[in-house]
Amino acid sequence: MRWKKVQGQGDMEDRRGQGGGMLGGGGLPIPMGKGAGGLGIIIAIVAALLLGGNVIGGGGADSGFSPGGGLQPAQPAAPGSQTARGDDDLFEFTKFVSKDSQDMWTQVFSSADRQYPRAPVVTFTSGTQTGCGPASAATGPFYCPADNKVYLDLSFAQELSRRFGAPGDFAWAYVIAHEIGHHVQAVLGIEGEVRQKQQSDPGNANLYLVRLELQADCFAGVWAHSTYERGVLEEGDVEEGLTAASAVGDDRLGARSPEQWTHGSAALRTEWFRKGFESGDVNDCDTGSVDV
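Scoring rules and cut-offs
- Residues numbered from 1 in each chain as written.
- Predicted model: local features only at pLDDT ≥ 70, side-chain atom pairs only at ≥ 80, totals over all residues.
- Heavy atoms only, no water.
- Helix = DSSP H or I, 4+ residues; strand = E, 2+ residues; numbered from the N terminus.
- Buried < 20%, exposed > 50% of the residue type's maximum accessible area, 1.4 Å probe, protein only.
- Areas by Shrake-Rupley, 256 points an atom, 1.4 Å probe, with all protein chains shown as cover.
- Axes fitted to C-alpha atoms, helices over the stretch in contact; angles between N-to-C directions.
- Left-handed = near helix turned anticlockwise from the far one by under 90°.
- Contact = heavy atoms within 4.5 Å.
- Nonpolar A, V, L, I, M, F, W, Y, C, P; charged D, E, K, R; others polar.
- Salt bridge = Lys/Arg side-chain N within 4 Å of Asp/Glu carboxyl O.
- Disulfide = S-S within 2.5 Å.
- Expected span 1.5 Å × (residues − 1).
- Parallel < 35°, antiparallel > 145°, perpendicular 65-115°, else oblique.
- Core = buried A, V, L, I, M, F, W, Y, C linked by side-chain atoms within 4.5 Å.
- Phe/Tyr/Trp six-rings, centres within 6.5 Å; stacked < 30°, edge-to-face > 60°.
- Lys NZ or Arg CZ within 6 Å of the ring centre and 35° of its normal.

Colleague: Describe the overall build of the protein chain, and please don't skip the residues or the numbers.
Modeller: The secondary structure content of the protein chain amounts to 8 helices and 7 strands. Expressed as a percentage of the 292 residues in the protein chain, the buried residues total 54%. Taken as a whole, the protein chain presents about 12,000 Å² of accessible surface, with 48% of it coming from carbon and sulfur.

Colleague: An account of the packing of helix α6 (residues 205-229) against helix α8 (residues 266-279) is requested, with residue identities and associated values reported.
Modeller: Following both chains from N to C, one finds α6 and α8 inclined at 35°, their axes separated by 6 Å at the closest point. With respect to the hand of their crossing, α6 and α8 are arranged in right-handed fashion. Residue-level contacts link Leu214, Asp217, Cys218, Ala220, Gly221, Val222, Ala224, His225 and Tyr228 of α6 to Leu268, Arg269, Trp272, Phe273, Gly276, Phe277, Glu278 and Ser279 of α8. For the contact of α6 with α8, the class distribution of residues is 10 nonpolar, 4 polar and 3 charged.

Colleague: How would you summarise the pattern of salt bridges if you had to cite specific residues and measurements?
Modeller: Inspection of the entire model under this criterion finds 11 salt bridges. Of the charged contacts in the structure, one is a salt bridge between arginine 16 and aspartate 14, with a shortest N-O distance of 2.8 Å. The exposure class assigned to arginine 16 is partly exposed, which follows from its relative accessible area of 22%. What you see here is one network of salt bridges that share partners, running through Asp11, Lys99, Asp103 and Arg118.

Colleague: An account of the state of the cysteines is needed here, citing residue identities and associated values.
Modeller: The tally for this structure, following the rule as stated, stands at 2 disulfides. At a sulfur-sulfur separation of 2.1 Å, the disulfide partner of cysteine 132 is cysteine 144. Between cysteine 132 and cysteine 144 the sulfur-sulfur dihedral comes to about 100°; the bridge is accordingly right-handed. Here the residue cysteine 132 occupies a position in the loop between β4 (127-130) and β5 (133-136), and cysteine 144 occupies one in strand β6 (residues 142-144), the gap between them amounting to 12 residues. As far as the burial class goes, cysteine 132 and cysteine 144 line up, both buried. Between the sulfur of cysteine 218 and that of cysteine 285 lies a disulfide, 2.1 Å long from S to S.

Colleague: Now, about α6: what can you tell me, with residues and values included?
Modeller: Between its first and last C-alpha, α6 extends 37 Å over 25 residues, near the 36 Å set by a 1.5 Å rise per residue. With respect to burial, α6 is a largely interior element, 22 of its 25 residues being buried. A positive backbone phi angle near 75° is found at glycine 231, which sits one or two residues after α6.

Colleague: Let's hear about the packing of helix α5 (residues 190-200) against α6: which residues, and what values?
Modeller: Running from N to C, α5 and α6 cross one another at 165°; their axes reach a closest spacing of 8 Å. The angle between α5 and α6 falls in the class roughly antiparallel. Handedness of the α5/α6 crossing: right-handed. Facing Ile190, Glu191, Val194, Arg195, Lys197 and Gln198 of α5, the residues of α6 in contact are Ala205, Tyr208, Leu209, Leu212 and Gln215. Class assignment of the residues belonging to the contact of α5 with α6 gives a composition of 6 nonpolar, 2 polar and 3 charged.

Colleague: Tell me about the nonpolar core, residues and numbers included.
Modeller: What tends to happen in soluble globular proteins is that the nonpolar side chains get buried as a cluster. The biggest cluster of nonpolar side chains holds 65 residues, and the ones touching the most others in it are Met1, Trp105, Phe170, Trp172, Tyr174 and Trp223. Not counting the four nearest positions on each side in its chain, tryptophan 223 is found in contact with Met1, Val97, Asp100, Ser101, Met104, Phe170, Ala173, Ala177 and Arg230. Ranked by size, the runner-up nonpolar core spans 7 residues in total, among them Val122, Ala135, Cys144 and Tyr151.

Colleague: Tell me about the packing of aromatic side chains, residues and numbers included.
Modeller: Within the structure shown, the criterion is met by 9 aromatic pairs. When the centroid spacing of 5.3 Å and the interplanar angle of 55° are considered together, the rings of phenylalanine 109 and tyrosine 116 count as tilted. The exposure classification of phenylalanine 109 matches that of tyrosine 116, with both residues buried. Summarising the aromatic geometry, the rings of phenylalanine 142 and tyrosine 151 are spaced 5.1 Å apart at their centres and angled 15° between planes, so their arrangement reads as stacked. Among the aromatic residues, those joined into a cluster by ring pairs are Trp3, Phe93 and Phe96. The ring of phenylalanine 91 has arginine 16 lying over it, and the distance from NZ or CZ to the ring centre is 4.3 Å.

Structural data, given as structure tokens:
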């Protein structure tokens, strides 16, 4: 990616070196190992309140929108400019992606005359306390709806390459954008509605969760589309994102039975990230009819 250092704190809450966590809480994580109908209706109801229209698609010009426009193009990378290497550079890269993706969502909400509350992005090492309970490196990146924060152990960026076979800076960018997507779902009320559906229909609890995760993948793709339009992407970046989406598919992580899935198969995850990237329109992120 053609990225540049963000001045100031940005969206970051840096807890690296502080420690304090043991086991993961009840957030929405990227899966680290083994591991529901109605989401489309939920999106329609909540988005209708936010946007005054049908965000699922099929509506007229007043009901749909594309977040690709409105943002300032990134400056071309200067010779010798930064690449995401080392802990400090990785932190700065994470800050850039967080700001860039949340700037996009700010534009999206603003186009609907609504305010987007930005999510703090917490970076930590070893462990930390969260509104969803203690977290450790084993938890993986996750979003905590209890405190509306994204939690990232930067060591997972290296794990993407070493353990999951998904190298490249855009692989890590996909992970960040996916978790920001969960924040958008929480802001819209989708996450809370899905949790209610899981409680009332426990037999389909995992299916509801898979649909929630795939929508976050699609939202990450929508952001990736905006970076393409603004000249931020470099050759091979999209492939890095697709590889990362595939690498964290439930079937790639040992959950062979669809009944065990909580995030979706490698094929589904790449399909929905690609869908968001190719359209650049959240109207195409309705995962309510997905079945596993």
